[in-house]
Amino acid sequence: MSALLDIRDLRVTHNGHPIVDGVDLRIEPGEAVGLAGESGCGKTTTALSVMRLLPSSLRQSGKITLTPPTARKPINIDRRTERGMSFVRWRHVSLVFQGAMNSLDPVQRVDAQIAEAIRLHDRIGSKALRARIDELLTTVGLTPSLGHRYAHQLSGGQRQRVMVALALACSPSLVIADEPTTALDVVMQAQVLQLLERLREELGLALILISHDMGVLAETCDRIAIMYAGRIVETGPVRAVLSSPQHPYTKRLLDSLPVIGGDRGLASPIPGAPPDPSAMPEGCRFRPRCPYAKDQCRTDPPLREVGAGQSAACHFAPWTEWPAIESAEAVGARG
Amino acid sequence: MSETLMEVSDLAVHFKARKGAARALDGVSLEWRRGEILGVVGESGCGKSTLARAMLALVKPAAGEVSLNGTPTNGRGSVRELRRRVQMIFQDPYQTLNPRQRVRAIVTEPLVVQGVPKDQHDARVQRAMEDVGLTAERFLTRYPHQLSGGQRQRVAIAAALVLEPDGLICDEPVSMLDASVRSQILAVLVELQRRRDLALVFITHDLSLAWSLCDRIAVMYLGRIVEQGMAVDVIERPKHPYTQALVTAIPVPTAGGGGERELLKGELPDAAAVPSGCRFHPRCPRRFEPCDRVDPELTPAGQPDQLAACLLYEPTRGRNGAGAADG
């Protein structure tokens, strides 16, 4: 069986500088994959490439193939024209943007916005359309009467649910959610995540969840890919990666998160900042910040399998134990 | 027990709303001790930022008072003194720094406002910059747009520190920052608290962070404190049903995370239409008979120093009766 989405050697550059630099990613039907990393690591750019929504100042290369069960043959996203893409977006793959607050049209009622998305793709009578809108709103846990409201009359959580309803309007097989809960409070965040999980079960959706919050990813995803400076540095089943990280970046990232019931107090922060795309370090891109770096790290470590389904781009993986590092007392601002 | 830096008593702040008044703060009492990190947590709209602003006399209270070192802080002279002793840093370092001022001017300005003699300026600015881990020669001549997010937040902290305050109120200081920058900024704050014996109020919606950082925590709901106590007790053994619901909703970044759980239904009600009785009762999974009529006060619950505003813990009424009264 072929993958639902197959990304091969995706590269995105800005003025020749790499933003995404050779990303390979496969999503199986119904699978939830998390993309994690700090801002600027290329996770949103990767998502936008799949939708072919990158700004024109960026150059994209690499193969992206989508094979939805509802399509007759595989879709070569990378070769589609803009017009060709308009049949793919929403119908086969849709995107829930970051910050629902600003993604809805402020001067259009909610149901009109959903209707617009449906009508672009389906010829549908007005009765059936109304029924479909009500069904969608109910699916995401909203009362259909809320459809008559404008975005500003809804709370943040309700707006985010409307965004999800929009994404589902044309029954796609893949939904990409870019930081869908970042602007929400814990309770609302948990409600939206529970909603995504339920929809995945009921509709057999595949999901790419982009988030910098490891907790969110841990609870929602089957697999996770950690990105750093435009590359995937580690990937694998979410439990394996979280319980036994195999890349120093993943390790330090996880250590910096407080886990209730564990050790209180602050972990020593990762010194410095991610590199600028115009001045990528040679070899391993995490080398300048890595406490375990050696001379060998001046050559590029490939992403290779180090455990069951788990891969890491580190010369020294698999790590059986992590040597203690002296805490960075002086937290100087470098950069 | 350490001495009190600031005492908030029965503070209320009301804002005009379409229908009557929104009770953003509705009778909050809180003690902030010298040298401690006090966490204030809750969902957006619960009044935590309003509390911070009221503590610095940036909004006018409808009732109650704030006293600093035992002296009430109303009246012009005392407000000036208040802001010299207690400073604030905000969430968004992109909006708090004047884009047309160089770092030197930004960090010096509080000294000018407070009338600190000019010959002390350079030394104090230098020290504040050192404290936040920025090399003075490199950064003083820069403009905010030449700084990264983390560097901006450091500059904001330096400007707050330059008056050598006793307390610093931090309103979501790291929620806009990435993981690695976030832990650097937190390290700066904790280091300051230790070295300068600075008291911090840490306002956040991130309960894990509050748990790891704070000495004590106050949980707010709809303009009230519903639970307070030692951070470890409040988060690991929450007593108020609302705190319990918040803690349950935290996503856990561990391999065993996830699983089924009961989530709070609905959303925070409008502060202009506070429910009768206990303000949490419409969403409360444990409500019982008089909860819609009786407004509970903070009562000892669980550990010593732990208080919860819930009828469950009122000895005469609560189901687990006297068991709660070990405080």
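Quantities reported herein were computed from a predicted structural model and do not represent experimental measurements.

A word on the overall build of chain A
No. 1: Scanning chain A from N- to C-terminus turns up 10 helices and 12 strands.
No. 2: For chain A, the C-alpha radius of gyration of 21 Å lies close to 20 Å, the compact-globule estimate for 335 residues.
No. 3: Overall size of chain A, expressed as C-alpha extent along the three principal axes, is 70 × 45 × 35 Å.
No. 4: Classification of the 335 residues of chain A by burial places 45% in the buried group.

Brief notes about the overall build of chain B
No. 1: A count of helical and extended segments in chain B gives 10 helices and 12 strands.
No. 2: Taken against the 2.2 N^0.38 rule, which gives 20 Å for 327 residues, the C-alpha radius of gyration of chain B at 21 Å falls within 12% of a compact globule.
No. 3: Its C-alpha atoms put chain B at 65 × 50 × 45 Å along the principal axes.
No. 4: Excluding contacts between residues fewer than 6 apart, the proportion of contacts in chain B whose partners are at least 24 apart in sequence is 63%.

Comments concerning the nonpolar core
No. 1: Counting residues in hydrophobic clusters, the biggest one holds 193 residues, and the most contacted among them are Ala165(A), Val107(B), Ala158(B), Val201(B), Phe202(B), Ala210(B) and Val219(B).
No. 2: The contact partners of Ala158(B), leaving out residues within four places of it in the chain, are Val107(B), Ala128(B), Met129(B), Asp131(B), Val132(B) and Leu134(B).

Some words on the sheet that holds strand E4 (residues 58-66) of chain A
The strands that make up a sheet pair up through hydrogen bonds in the backbone, lying either parallel or antiparallel.
Residues and elements named next belong to chain A.
No. 1: Spatial strand order, E2-E1-E4-E5: 4 strands in an open sheet with antiparallel pairing. Of all the strands in the sheet, the pair left with one neighbour each is strand E2 (17-27) and strand E5 (75-76).
No. 2: Relative to E4, strand E1 (residues 5-14) runs antiparallel, the two being bridged by 8 bridges. What sits directly across from Ile7, in E4, is Ile64.
No. 3: In the packing of helix H1 (residues 43-51) onto the sheet, the strands contacted are E1, E2 and E4, and the crossing angle to E1 comes to about 115°.

Quick look at the interface of chain A and chain B
No. 1: Contacts between the two partners involve 39 residues from chain A and, on the opposite side, 40 residues from chain B.
No. 2: At the level of elements, helix H7 (186-203), helix H8 (214-220), helix H9 (238-243) and helix H10 (248-255) of chain A are the ones that each hand at least two residues to the side of chain A that touches chain B.
No. 3: In terms of residue class, the side of chain A that touches chain B is made up of 20 nonpolar, 13 polar and 6 charged.

A short note on the sheet that holds strand E9 (residues 216-221) of chain B
Residues and elements named next belong to chain B.
No. 1: Taken together, the 8 strands give an open sheet; going across it, the order is E6-E7-E8-E3-E9-E10-E12-E11, and neighbouring strands pair in mixed fashion. Looking at the sheet topology across the chains shown, the edges are occupied by strand E6 (86-89) and strand E11 (299-300).
No. 2: As defined by bridge partners, E11 adjoins strand E12 (residues 307-308) across 2 bridges and the pair is classed as antiparallel. Each bridged residue has a counterpart across the sheet, and for Thr299 the counterpart in E12 is Ala308.

Remarks on helix H4 (residues 118-131) of chain B
Residues and elements named next belong to chain B.
No. 1: Counted at 1.5 Å a residue, the expected span for H4 with its 14 residues is 20 Å, and the 21 Å between its end C-alpha atoms agrees.
No. 2: All of the buried residues along H4 are Val125, Ala128 and Met129. Taken end-on, H4 shows its buried residues confined to a sector of 95°, consistent with a single buried face. Looking at H4, the residues exposed on the side facing more than 90 degrees away from the buried face are Asp119, Gln120, Ala123 and Glu130.
No. 3: Following H4 by one or two positions, Gly133 has its phi on the positive side, about 80°.

Describing helix H1 (residues 48-55) of chain B
Residue and element names in this part refer to chain B.
No. 1: Here H1 lies mainly inside the structure; 7 of its 8 residues are buried.
No. 2: Every buried residue of H1 is accounted for by Lys48, Ser49, Thr50, Leu51, Ala52, Ala54 and Met55.
No. 3: At the C-terminal side of H1, Ala57 shows a positive phi close to 55°.

A word on the confidence of the model for chain A
No. 1: Per-residue pLDDT for chain A averages 89, and the proportion of residues at 70 or more is 96%.
No. 2: Low pLDDT, under 50, characterises residues 328-335 of chain A; the predicted model gives this stretch 19 contacts beyond four residues in sequence or across chains.

Focus on the pairing of strand E4 (residues 63-68) of chain B
Residues and elements named next belong to chain B.
No. 1: Relative to E4, strand E1 (residues 4-16) runs antiparallel, the two sharing 5 bridges. Counted as the bridge partner of Met6 is Leu68 from E4.
No. 2: Across 2 bridges, the pairing between E4 and strand E5 (residues 71-72) is antiparallel. Following the sheet pairing, Ser67 is matched in E5 by Pro72.
No. 3: Hairpin connection, E4 to E5: the antiparallel pair is bridged by 2 residues, and Asn69 has positive phi, about 50°.

Looking at the environment of Glu179(A)
Residue and element names in this part refer to chain A.
No. 1: Among the structural elements, Glu179 can be located in the loop between strand E7 (174-178) and H7.
No. 2: In this structure Glu179 comes out as partly exposed when scored by C-beta crowding, with 19 C-beta atoms within 10 Å.
No. 3: For the pair Glu179 and Thr44, spaced 135 residues apart in the sequence, the C-alpha separation amounts to 9.1 Å.
No. 4: Excluding residues that lie within four positions of it along the chain, Glu179 makes contacts with Gln98, Ile210 and Ser211.

Remarks on the confidence of the model for chain B
Residue and element names in this part refer to chain B.
No. 1: Looking at chain B, pLDDT values average 89 and 94% of them are 70 or higher.
No. 2: For chain B, the element scoring lowest by mean pLDDT is helix H2 (residues 76-85), at 86; strand E10 (residues 224-230) scores highest, at 97.
No. 3: Contacts for the low-pLDDT stretch residues 321-327, under 50 throughout, to residues beyond four places or in other chains number 12 contacts.

Conventions adopted
Residues numbered from 1 in each chain as written. Chains lettered and ligands numbered in written order. Predicted model: local features only at pLDDT ≥ 70, side-chain atom pairs only at ≥ 80, totals over all residues. Helix = DSSP H or I, 4+ residues; strand = E, 2+ residues; numbered from the N terminus. Rg over C-alpha atoms; globule rule 2.2 N^0.38 Å. Buried ≥ 20, exposed ≤ 12 C-beta atoms within 10 Å, placed from the backbone. Contact = placed C-beta atoms within 7 Å. Core = buried A, V, L, I, M, F, W, Y, C linked by C-beta atoms within 7 Å. Pairing = 2+ DSSP bridges. Axes fitted to C-alpha atoms, helices over the stretch in contact; angles between N-to-C directions. Nonpolar A, V, L, I, M, F, W, Y, C, P; charged D, E, K, R; others polar. Expected span 1.5 Å × (residues − 1). Arc of directions from axis to C-beta. pLDDT = per-residue confidence, 0-100.

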